[in-house]
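# Structural characterization, general
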Amino acid sequence: ITFEIVMEAVVSTQSTGTQEWVDNIVARVETVLSEVLETISKMDYDRRTRILFRMSGIPKNPEHKMRLLKQLILDYFHHSVSALSNGDFKTCLAAISDLFTPLTTLEDLAKYSTLCPDDELLSFLAEMNEDTFKTRCIAESMQIRRVGDDLFESTIHDFEDLDMEAVWQCIDLFKESILLTRENDIEQEAISLSRMGKVYHDVLKQRNKAKALFMEVVHLGTTLQPRNLSQEEWYRYATTVLAEYQLKEQRKEEQEWNVTRQVYLDKMKDKLNVLQEKSSSTSAQDFMVWLYKTHPPQHVKRFDVNLKDVKSATADQCKKLLAKAIVFYHPDKVDAKVFSMEYKVFCEEITKCLTSKYECFK
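Below: a short report on this structure. (Residues numbered from 1 in each chain as written. Predicted model: local features only at pLDDT ≥ 70, side-chain atom pairs only at ≥ 80, totals over all residues. Heavy atoms only, no water.)

Evaluation of the coordinates by the stated rule reveals 10 aromatic pairs. With 6.1 Å between their ring centres and 25° between their planes, F287 and W290 make a pair best called stacked. With F287 and W290 both in helix α12 (residues 284-294) and three residues apart, the pair spans about one turn of that helix. Ring centres 5.9 Å apart and planes at 40° place the aromatic pair F339 and Y343 in the tilted group. Here the basic side chain of K70 rests over the ring of F124, its NZ or CZ set 5.0 Å away from the ring centre. The ring of F346 has K271 lying over it, and the distance from NZ or CZ to the ring centre is 4.4 Å. (Phe/Tyr/Trp six-rings, centres within 6.5 Å; stacked < 30°, edge-to-face > 60°. Helix = DSSP H or I, 4+ residues; strand = E, 2+ residues; numbered from the N terminus. Lys NZ or Arg CZ within 6 Å of the ring centre and 35° of its normal.)

The structure is reproduced here in structure tokens:
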């Protein structure tokens, strides 16, 4: 009420009072305005914003009006951000909706006021528009994802009579959620990607699509480091499914390799029998000498082993020489396209024999 009275005094004296009297009244307005803002800053959000909204409509002076509008806008915005950080997208969107009117009013004042708007005000308006848009996108993304989550749960509840139209609707909702958060919030984007991956993995059984989505989730997760995401359900689900995919792929590759490998093992049966006999019946030193003479590592460009040193090696020296031989013959060092797949398989069997010898020295 005091504020309204002072504002009326300003209006009535501007045309009739002396300049000194007007300056005195304006100074009192500044004092009252500061005191009012100081008082209401200690109130709860609802009461504070109600008072600010009412007060912002009272001043005729553009500067006073702008000051009140800025404070009201900041209160709405901070409340929306606080709600969003707690996952309360409904409260966030409500606060942003309330913020729209004072923000538009302030923009109009800055645009049509006879006073030239300062750079600080223009910067404030630009930042608030950008930050409000970003916050609204994130909140709407969370809201849409919640709708998708609820629809997905209700759809898979009756898995025997699955509504595929609802499943694809879930995917569309998660896609929309992703688009709203892209370049706005990495974590929210990753959560929506994980949800969509879950649909492809659990329901549609499209492994390649699900894998691509989960890999993107993990990639986005790395950008959030050093934050630990291991306790986040969406991240745990993505990494668990990826690990399952990797294990299945590894087993499949091993099975395919074993089939291929067996063909060459059968072909080299006599040569492998000799290899096994030498490995089991001779010392590590003699086995290495025989191996280097009979089957030197063709793929090794720099093969600098003195056979006399190998023959006379002590136990410690022999252990080191065996480690070196394992590196020489390891199949990972062999390019099958250059030296043939048969040679690669043979090197694998040699490596097994050398490793068996090496383990005797542990």
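Having put the structure on the table, let's press on.
Before going further, it helps to examine the environment of E342. Considering the arrangement of structural elements, one finds E342 in helix α16 (residues 341-359). On the accessibility criterion, E342 (22% relative accessible area) is partly exposed. Sequence separation between E342 and M268 is 74 residues, and the spatial gap between their C-alpha atoms is 8.2 Å. For E342, the contacting residues outside a window of four places in its chain are Y264, K267, M268 and K271. (Buried < 20%, exposed > 50% of the residue type's maximum accessible area, 1.4 Å probe, protein only. Contact = heavy atoms within 4.5 Å.)

Quick look at the packing of helix α6 (residues 119-156) against helix α7 (residues 164-181) now. At their nearest, the axes of α6 and α7 sit 8 Å apart, and the two run at 165° to each other. It follows that α6 is roughly antiparallel to α7 by the angle criterion. The element α6 and its partner α7 pack so that their crossing is left-handed. Along the contact surface, α6 presents C137, E140, S141, I144, R145, V147, G148, D149, L151, F152 and T155, while α7 presents A166, V167, Q169, C170, L173, F174, E176, S177, L180 and T181. (Axes fitted to C-alpha atoms, helices over the stretch in contact; angles between N-to-C directions. Parallel < 35°, antiparallel > 145°, perpendicular 65-115°, else oblique. Left-handed = near helix turned anticlockwise from the far one by under 90°.)

Okay, the pattern of salt bridges next. The final tally for this structure, using the stated rule, is 16 salt bridges. Across the salt bridge formed by R227 and E232, the nearest N and O atoms sit 3.2 Å from each other. When its relative accessible area of 36% is taken as the criterion, R227 is described as partly exposed. On the accessibility criterion, E232 (26% relative accessible area) is partly exposed. (Salt bridge = Lys/Arg side-chain N within 4 Å of Asp/Glu carboxyl O.)

Turning our eyes to something else, we now look at helix α8 (residues 186-204). A rise of 1.5 Å per residue sets the reference length of α8, with its 19 residues, at 27 Å; its end C-alpha atoms lie 26 Å apart and thus fit the reference within 8%. Summarising burial for α8: 15 of the 19 residues are buried, a large majority. Here α8 starts with a cap whose side-chain oxygen sits 3.1 Å from the backbone nitrogen of E187, and that cap is D185. Note on α8: the residue one or two positions beyond its end, K205, has a positive phi of about 60°. (Expected span 1.5 Å × (residues − 1). Polar contact = N/O pair within 3.5 Å; in protein donor to acceptor, adjacent residues only side chain to side chain.)

Further remarks concern the side chain of S192. Take S192: it is sitting in helix α8. A polar side-chain atom of S192 sits 3.1 Å from a polar atom in the side chain of R145. At a separation of 2.6 Å, a polar atom in the side chain of S192 contacts the side chain of S177. Not counting the four nearest positions on each side in its chain, S192 is found in contact with S141, R145, F174, S177 and I178.

Moving on to the packing of α8 against helix α9 (residues 207-223). Between α8 and α9, the shortest axis-to-axis distance is 8 Å and the interhelical angle comes to 160°. Relative to α9, α8 is oriented roughly antiparallel. Both α8 and α9 take part in a crossing whose hand is left-handed. The residues of α9 that touch α8, namely those facing I186, E189, A190, L193, S194, M196, G197, K198, Y200 and H201, are K209, A210, L213, F214, E216, V217, L220 and T223. Among the residues forming the contact of α8 with α9, the class breakdown is 10 nonpolar, four polar and four charged. (Nonpolar A, V, L, I, M, F, W, Y, C, P; charged D, E, K, R; others polar.)

Everything listed is a geometric property; what it means functionally is a separate question.
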